[in-house]
Amino acid sequence: MKEELRELYKYRELLYMITYRDIKVRYKQSIMGFLWAILMPILIVMSGIVVRYAYAIVAHAPLKTEDIASVAIKSVPWAFIVSSIRFSCNSLTGNRELVVKIYFPKEIFPMAAVLACLFDFFVAYAALVIFLVFIKIGVSIYLLWVPVLLGTMILFCVGIGTIVSAISLFFRDVKYIVEVFLTYGIFFTPVFYDVRMFGDRGKWLMLNPVAPLLEGLSNCIARHESPDVHWYLYSLGFSLVVFVSGFVLFKDLEPAFAESI
Amino acid sequence: MSDVALRMEHIFKKFRKGEIYNSLRDFLPAMTGKMFRGQELDASDKREFWALQDISFEVKRGESLGIIGRNGAGKSTALKILSRIMKPTKGRMIVSGRLSALIEVTAGFHPDLTGMENIFLHGTILGMNKREIQSKLDQIIAFSGLEEFIDTPVKRYSSGMYARLGFSVAAHVNADVLVVDEVLSVGDFVFQQRCMERIRSVIEAGTTVLFVSHNLKSVTEICQRAMLLEHGKVVTIDNTDAVIRKYLSTDETSKISDEKKPVYISRVTVRDRVGEQSTFESGQKAWVDVEVTAREALDKLAVVIWFKDDTQYIIFHTSTERLGFAPFSLQPGGTYRCTFELSLNIAHGTFHLVTQVYRYDIQKGYDRREPASTIFIGSTTAVGGAVNCFPRLIESETIVPSIQSCEV
């Protein structure tokens, strides 16, 4: 694995170039340009606010700005997770020519797909920051948690991305299965709702490795509290395992790519 | 470092043909079916075939090796293993230094990006870093001859421009070992010449080159040694002329004859003074024997022969009738034989002999064999071009300007 990581480092400029290509092409192709990066998160945030509004009606309680902020803060990263897994799933099969014809470490493709989505994410998050300033959410020391949580999320996405990209090269219908998971995943993840609404049973929802990260972001940005460190460590551990095993699996399958694609 | 640039030791490569499950929907039922029935252990063996069998060779630093063989002989598989895109099933391989492949020169392009952006993208994919590309940028653009279009998205390029840009980037990668696979078929004649020159200068600079081509002429121009592959095995490794002779002598296409035709060419041989031959010196005499056999009675026939070069251009043709022989008639089962004597005043290259039975008065062609045979004219350094006019230099003089004229 050490050898492979060294080689990946050697090709770091290629990772940058492929990411640049993916971003450039995406923004060149759509007239909407940067709106593309914001449109999907906006849709998710809007639907989240509708759902939250329904809760408020049922609970006979007013809809607090804090809740709206929490939905927005969790929706944008969720959009990132969905799109990065979706794009990395097709990253190998979509670059058939390069996989078959030229040698270089192929994990660059799913990684570049995640990085390109990360770019969209930053654009959307910049818009979110403006929104948060507008509703006067305020700052706290706990904002230092944000990069840690995002880093863990990227690790998780790259791990899942490498796994699904390699498997979907061999089995073309895997992408439909992934798509179903991505569509319904939002119901099993605390994006529109908070884990604390479930009281004691909330811990079952936290088993979803994405949940502690999203809850953590919401805690430290909207509520000015520390994330639950134990659950964060669980997420980190999970992400590391996914990342390492994804890399090992990918490298194991890589020699067969050219003849199987 | 040793003086061996690359070496393959007993390389085997197995492929599976036929059905490969590429969706879970097919794969899972097939797997469970296999588990319950426990069948087809030997059936899977039948679906495998060896694309490469026991390939061993070595290329010294600065040497250039040509690889020739028919379609499906395993040339491309060998190159893919060398460039590490595929892993051999068995065997060991050593490549010392940076290997660059001119295999698919436009694989890294993205149609929506401009020529300039694609130079950087493709260059990085081929293993160059940004600084390296920056320093060679002018050279690359000049080589491609696409200065005007460099800021146009490459999807608007013609296929020739596309390939030219791809080759230009690939050809500027600093490599210790360069693998070239049939890329010279792109672009116009001028560009092909430029590519050949580039490859030659790369060789002169001490780069090891592996050259795969069906164009035997370019193989002889570039490589001192060559390897002949057939059905995944090495037939011979020797100096290029000898290997080409061997390759042409195992021509398989000339053994086909059609069962239904009323008349067919039953035999064509090209020979020199001694016997059957496929390699000649420029200016040498050659004899072409043609035998025609009829299944039905036919009248007023003639035998036509012509030579084509690799570009399908007919460089020469003649027939029994043009040479003043009367048309012949054949009874069912009858045969006709004729022999042409030719002076091969051709410059060096590969030429394909085509033979046809023809009836001039009604302009009807009967059986045609293409190519009936392929000959190779060995290289002479004295002349270039298509024909050999056997030039002699009769006089030469150098005129020195006189001192007086210098003062004025």
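What counts as what
Residues numbered from 1 in each chain as written. Chains lettered and ligands numbered in written order. Predicted model: local features only at pLDDT ≥ 70, side-chain atom pairs only at ≥ 80, totals over all residues. Helix = DSSP H or I, 4+ residues; strand = E, 2+ residues; numbered from the N terminus. Buried ≥ 20, exposed ≤ 12 C-beta atoms within 10 Å, placed from the backbone. Contact = placed C-beta atoms within 7 Å. Axes fitted to C-alpha atoms, helices over the stretch in contact; angles between N-to-C directions. Parallel < 35°, antiparallel > 145°, perpendicular 65-115°, else oblique. Left-handed = near helix turned anticlockwise from the far one by under 90°. Nonpolar A, V, L, I, M, F, W, Y, C, P; charged D, E, K, R; others polar. Core = buried A, V, L, I, M, F, W, Y, C linked by C-beta atoms within 7 Å. Domains from an automatic or database assignment. Pairing = 2+ DSSP bridges.

**Comments concerning the overall build of chain B**
So, point 1. Looking only at helices and strands, chain B has 10 helices and 18 strands in total.
So, point 2. Buried positions account for 36% of the 408 residues belonging to chain B.
So, point 3. Expressed as a percentage of contacts within chain B between residues at least 6 apart in sequence, the contacts between residues at least 24 apart total 73%.

**Comments concerning the packing of helix α4 (residues 65-89) of chain A against helix α7 (residues 145-170) of chain A**
Residues and elements named next belong to chain A.
So, point 1. The N-to-C vectors of α4 and α7 enclose an angle of 25°; their axes lie 7 Å apart at closest approach. Comparing the axis directions of α4 and α7 gives the class roughly parallel. In terms of crossing hand, the pair formed by α4 and α7 is right-handed. Here Pro77, Ile81, Ser84, Ile85, Ser88 and Cys89 of α4 come into contact with α7, specifically with Met153, Cys157, Ile160, Gly161, Val164, Ser165 and Ser168.
So, point 2. Each residue belonging to the contact of α4 with α7 can be placed in one class, and the counts come to 8 nonpolar, 5 polar and no charged.

**Observations regarding the interface of chain B and chain A**
So, point 1. Taken together, the contacts link 25 residues of chain B with 23 residues of chain A.
So, point 2. Among the elements of the structure, α1 (24-37) and α4 (115-125) of chain B are those that each provide at least two residues to the side of chain B that touches chain A.
So, point 3. With 4 residues, the single largest contributor to the side of chain B that touches chain A is α4 of chain B.
So, point 4. Grouping the constituent residues of the side of chain B that touches chain A by class yields 11 nonpolar, 7 polar and 7 charged.

**Quick notes on the nonpolar core**
So, point 1. Val76, Ala112, Val114 and Cys157 of chain A together with Leu102, Val179 and Val180 of chain B are the most contacted members of the largest nonpolar core, which totals 166 residues.
So, point 2. Considering each element in turn, this core owes the most residues, 14 residues, to helix α6 (residues 108-134) of chain A.
So, point 3. Both domain 1 (4-248) and domain 2 (254-377) of chain B contribute no fewer than three residues apiece to this core.
So, point 4. For Val114 of chain A, the residues in contact, after removing those within four places along its chain, are Ser84, Ser88, Ile154, Cys157, Val158 and Gly161 of chain A.

**Here we look at unusual backbone geometry**
Residues and elements named next belong to chain B.
So, point 1. At Asp54, a position not held by glycine, the phi torsion is positive, near 50°.
So, point 2. As for its position among the elements, Asp54 is in strand β2 (residues 48-60).
So, point 3. A positive phi angle, close to 55°, is found at Lys300, a residue other than glycine.
So, point 4. You can see Lys300 is positioned in strand β13 (residues 298-308).
So, point 5. Lys300 gets classed as partly exposed once you count the C-beta atoms within 10 Å, which come to 15.

**Here we look at the sheet that holds strand β8 (residues 225-230) of chain B**
Residues and elements named next belong to chain B.
So, point 1. If you trace the 6 strands from one edge of the open sheet to the other, you get β5-β6-β7-β3-β8-β9, paired in mixed fashion. Of all the strands in the sheet, the pair left with one neighbour each is β5 (99-102) and β9 (233-239). For this sheet, the mean angle separating the axes of adjacent strands, direction not counted, is 15°.
So, point 2. Lying on the sheet, helix α7 (residues 189-204) is in contact with β3 (64-68), β6 (177-181) and β7 (208-212); it crosses β7 at an angle near 145°.

**Focus: the packing of α4 of chain A against helix α8 (residues 174-184) of chain A**
All names here are of chain A.
So, point 1. Orientation of α4 relative to α8, taken along the N-to-C sense of each, is 180°, at an axis distance of 10 Å. Considering the angle they form, α4 stands roughly antiparallel to α8. Two secondary-structure elements touch here, α4 through Val82, Ile85, Arg86 and Cys89 and α8 through Lys175, Val178 and Leu182.
So, point 2. By residue class, the composition of the contact of α4 with α8 is 5 nonpolar, no polar and 2 charged.

**Examining the domain arrangement of chain B**
When the parts come together, some accessible area is lost, and that loss is often what is quoted as the size of the interface.
Residue and element names in this part refer to chain B.
So, point 1. Taken as a whole, chain B is organised into domain 1 (4-248) and domain 2 (254-377).
So, point 2. Summarising the inter-unit geometry, the C-alpha centres of domain 1 and domain 2 are found 37 Å apart.
So, point 3. Each partner contributes to the interface: domain 1 provides 7 residues, whereas domain 2 provides 7 residues.
So, point 4. Among the elements of the structure, α8 (216-222) and α9 (240-249) are those that each provide at least two residues to the side of domain 1 that touches domain 2.
So, point 5. The element best represented in the side of domain 1 that touches domain 2 is α9, accounting for 4 residues.
So, point 6. Of the residues that constitute the side of domain 1 that touches domain 2, the class distribution is 3 nonpolar, 1 polar and 3 charged.

**Here we look at the sheet that holds β2 of chain B**
Residues and elements named next belong to chain B.
So, point 1. Strand order across the open sheet formed by 3 strands is β2-β1-β4, with antiparallel pairing between neighbours. Where the open sheet ends on each side, the last strands, each with one partner, are β2 and β4 (90-95). Direction aside, the axes of adjacent strands within the sheet are offset by 15° on average.
So, point 2. By the bridge criterion, 9 bridges tie strand β1 (residues 4-16) to β2 in an arrangement that is antiparallel. What sits directly across from Val4, in β2, is Lys60.

**Notes on the environment of Phe211 of chain B**
Residue and element names in this part refer to chain B.
So, point 1. The residue Phe211 is located in strand β7 in this model.
So, point 2. Put simply, Phe211 and Ser64 are 147 residues apart on the chain and 7.3 Å apart in space, counted from C-alpha to C-alpha.
So, point 3. Look past the residues within four positions of Phe211 in its chain and what remains in contact with it is Ser64, Gly66, Val180, Val219, Ile222 and Cys223.

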